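Okay, here's what each chain looks like letter by letter:
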Amino acid sequence: MASSRQYSTAQWQALDRSHFLHPFTDLTRLNAGASRIITRAEGVYLWDSDDNRLLDGFAGLWCVNMGYGRSELAVAAAEQMQQLPYYNSFFNTATPPALELAELLAEVSAPQFNYSFFTGSGSEANDTIVRMVRRFWDLEGQPGRVNIIARHNAYHGSTMAGASLGGMDYMHKQGGLPIPNIHHIMQPYWYELGGDLSPGEFGLRAAAELENKILELGPDKVAAFIGEPIQGAGGVIIPPASYWPAVQAICKKYDVLLVADEVICGFGRTGRWFGSDTFGIEPDLMAVAKGMSSGYLPIGAVLVSDRVAHSLIKKGGEFAHGYTYSGHPVCAAVAAANIRLMHREGIIDRVANDTGPYFQQRLAELGEHPLVGEARSVGMIGALELVADKSRRSFFQPRGDMGSLCRDYALANGLILRATRDTMLFSPSLVMDKPQIDEMISLTRLSLDQAAATKGIA
Ligand SMILES: *Cc1c(COP(=O)(O)O)cnc(C)c1O
């Protein structure tokens, strides 16, 4: 049963101020202001406590891929709750939902993936990866391979290892991060960093930084490279086509494990099951979470290639790592039901060949707007880069105010978008249909016009 309290918005907000510490929120500002209370949802729409309807352009937090209100997922949870609400998978035990989910993941992923290690979240998946790759190299007789290379402005979660792998400086400043032996190289962000290079040239330059870093550290000291196929939280940064093949070749050359953080790109977001499929990457490990359960329950996993899994199994004995909720039966049952639902509705095909191309075309039209320097998208993920002068690719100073302004106008107009710096991010549910895409685009255009007018830009 949902909360049965008939509270006014002001009463919920007062409770919030008194008792609730929010993640990734300016707590000082929120305590002086008011939070937004979301009370229900259906399809691609949310309703707040004042009964305003909001079009969700962000699928919750990049995760409600199959939309809100899917009774198949609610029923899967309820049935599993009654049959077996919890049992662990430590000490030689397993439950049927976790086993079925592991089989489904092996089926939808590339041929090298046949094993899953379950976690409660994407952050925990990346923490697991840090320990697993070091363990792997130990077992392979190369214990010196402890270093992991990641990228500036990457997001890999919020735990100690996840935030260390991530390249967000403002996160590193809190809590003494990064942990040792994590290194960051240039991100493949052509629009900001490309200068006079073509996207193709720039992609190769950004990849070359990986080789330079491997040589600087010593190839026999490097365990792995980790990257999101498309950087999500960093601003939907879609690398030039030259980037991933070059990274793949460098990893092969020095036998460095390639890790794809698929927490956003996985489960249809880019029009294939995984972003690695879209970009032609063959990773050794993949982190997944978010869209795996469409966000209905918290669950993540590390998809482990045969090479790594066989080493752990044949040489390793105990891998001294795991979570109370690894393979939680209710979460696993919902994730399995979600994957079956994706199959049944042919959602990947729809994103690849129907609604995805339509979304991309409509978003590209906004590239003509005077505020928009670049409109970029793949599948059902995209961004509008707002700039002060599009002819000279010059950013607003200070950065971020225009993005916040545009996001606030969108919200007032009934559309939820996210802003990173001055980049407007789009990640709608994969079930969003064409009229809903039209609605999202026209509300965005209205919000851009209002933001431009406020700042006196024609
Ligand atoms: C959200 C996210 C994570 C962290 O997942 P949590 O479930 O929030 O711990 C990791 N990597 C990427 C790419 C993400 O977007």
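### Some remarks on the pairing of strand β7 (residues 222–227)
Phase 1 of the analysis: In terms of burial, β7 is a largely internal element, six of the six residues being buried.
Phase 2 of the analysis: Alignment of strand β5 (residues 147–151) against β7, held across three bridges, turns out to be parallel. Bridging across to β7, Asn 147 finds its partner in Val 222.
Phase 3 of the analysis: The parallel pair β7 and strand β8 (residues 257–261), bridged by helix α11 (residues 243–253), forms a crossover whose chirality is right-handed.

### Comments concerning the packing of helix α17 (residues 401–412) against helix α18 (residues 434–454)
Phase 1 of the analysis: In contact at an axis separation of 8 Å, α17 and α18 are set at 130° when each is read in the N-to-C sense. Here α17 is positioned oblique relative to α18, judged by the angle of their axes. For the crossing formed where α17 meets α18, the hand is right-handed. Here Met 402, Leu 405, Cys 406, Tyr 409 and Ala 410 of α17 lie close against α18, whose contacting residues are Ser 447, Leu 448, Gln 450, Ala 451 and Thr 454.
Phase 2 of the analysis: Per-class residue counts for the contact of α17 with α18 are seven nonpolar, three polar and no charged.

### Examining the site of the ligand
Phase 1 of the analysis: Taken together, the residues surrounding the ligand are Ser 121, Gly 122, Ser 123, Asn 126, Tyr 155, His 156, Gly 157, Glu 228, Asp 261, Val 263, Ile 264 and Lys 290.
Phase 2 of the analysis: The separation between an oxygen atom of the ligand and a polar main-chain atom of Gly 122 is 2.9 Å.
Phase 3 of the analysis: Contacts to the ligand include Lys 290, whose side-chain N or O atom sits 2.6 Å from an oxygen atom.
Phase 4 of the analysis: Relative to its unbound accessible surface of 380 Å², the ligand loses 83% to contact with the protein.
Phase 5 of the analysis: The element best represented in the shell around the ligand is helix α6 (residues 122–139), accounting for three residues.
Phase 6 of the analysis: Residues belonging to the shell around the ligand are distributed by class as follows: three nonpolar, six polar and three charged.

### Observations concerning the side chain of Asp 56
Phase 1 of the analysis: Within the secondary structure, Asp 56 is located in strand β3 (residues 53–56).
Phase 2 of the analysis: The charged side chain of Asp 56 is buried without a salt bridge, its nearest counter-charge being Arg 269 at 8.9 Å.
Phase 3 of the analysis: Within the structure, the side chain of Asp 56 is placed 2.9 Å from the backbone nitrogen of Phe 58, a separation counted as a polar contact.
Phase 4 of the analysis: A distance of 2.6 Å separates polar atoms of two side chains, one belonging to Asp 56 and the other to Tyr 68.
Phase 5 of the analysis: In this structure Asp 56 touches Val 44, Leu 46, Tyr 68, Ile 416, Pro 428 and Met 432, once residues within four positions along its chain are discounted.

### Examining the pattern of salt bridges
Phase 1 of the analysis: With the rule as written, the count across this model stands at 20 salt bridges.
Phase 2 of the analysis: Across the salt bridge formed by Arg 307 and Asp 255, the nearest N and O atoms sit 3.0 Å from each other. With Arg 307 in helix α13 (residues 306–315) and Asp 255 in the loop between α11 and β8, the pair connects residues that are 52 residues apart, well separated along the chain.
Phase 3 of the analysis: With a shortest N-O distance of 3.1 Å, Glu 365 and Arg 362 are connected by a salt bridge. Taken as a pair, Glu 365 and Arg 362 lie in helix α16 (residues 355–365) at a separation of three residues, close to a single helical turn.
Phase 4 of the analysis: The exposure class of Arg 362 is buried, given its relative accessible area of 17%.
Phase 5 of the analysis: Beyond isolated ion pairs, a larger network of salt bridges with shared partners links Arg 70, Glu 72 and Glu 345.

### Overview of the sheet that holds strand β13 (residues 415–416)
Phase 1 of the analysis: Taken in spatial order, the four strands line up as β1-β2-β3-β13 in an open sheet, and their pairing is mixed. Pairing within the sheet leaves two strands with one partner each, and these edge strands are β1 (38–42) and β13.
Phase 2 of the analysis: As paired strands, β1 and strand β2 (residues 45–48) are joined by four bridges and run antiparallel to one another. By the bridge assignment for β2, Ile 38 is matched with Asp 48.
Phase 3 of the analysis: This element, α18, spans β2, β3 and β13 of the sheet and lies at about 100° to β3.

Here is what the cut-offs are and how they apply
Residues numbered from 1 in each chain as written. Predicted model: local features only at pLDDT ≥ 70, side-chain atom pairs only at ≥ 80, totals over all residues. Heavy atoms only, no water. Buried < 20%, exposed > 50% of the residue type's maximum accessible area, 1.4 Å probe, protein only. Helix = DSSP H or I, 4+ residues; strand = E, 2+ residues; numbered from the N terminus. Pairing = 2+ DSSP bridges. Right-handed = clockwise from strand over helix to strand, strands pointing away. Axes fitted to C-alpha atoms, helices over the stretch in contact; angles between N-to-C directions. Parallel < 35°, antiparallel > 145°, perpendicular 65-115°, else oblique. Left-handed = near helix turned anticlockwise from the far one by under 90°. Contact = heavy atoms within 4.5 Å. Nonpolar A, V, L, I, M, F, W, Y, C, P; charged D, E, K, R; others polar. Near = heavy atom within 4 Å. Polar contact = N/O pair within 3.5 Å; in protein donor to acceptor, adjacent residues only side chain to side chain. Areas by Shrake-Rupley, 256 points an atom, 1.4 Å probe, with all protein chains shown as cover. Lys, Arg positive; Asp, Glu negative; His and termini not counted. Salt bridge = Lys/Arg side-chain N within 4 Å of Asp/Glu carboxyl O.

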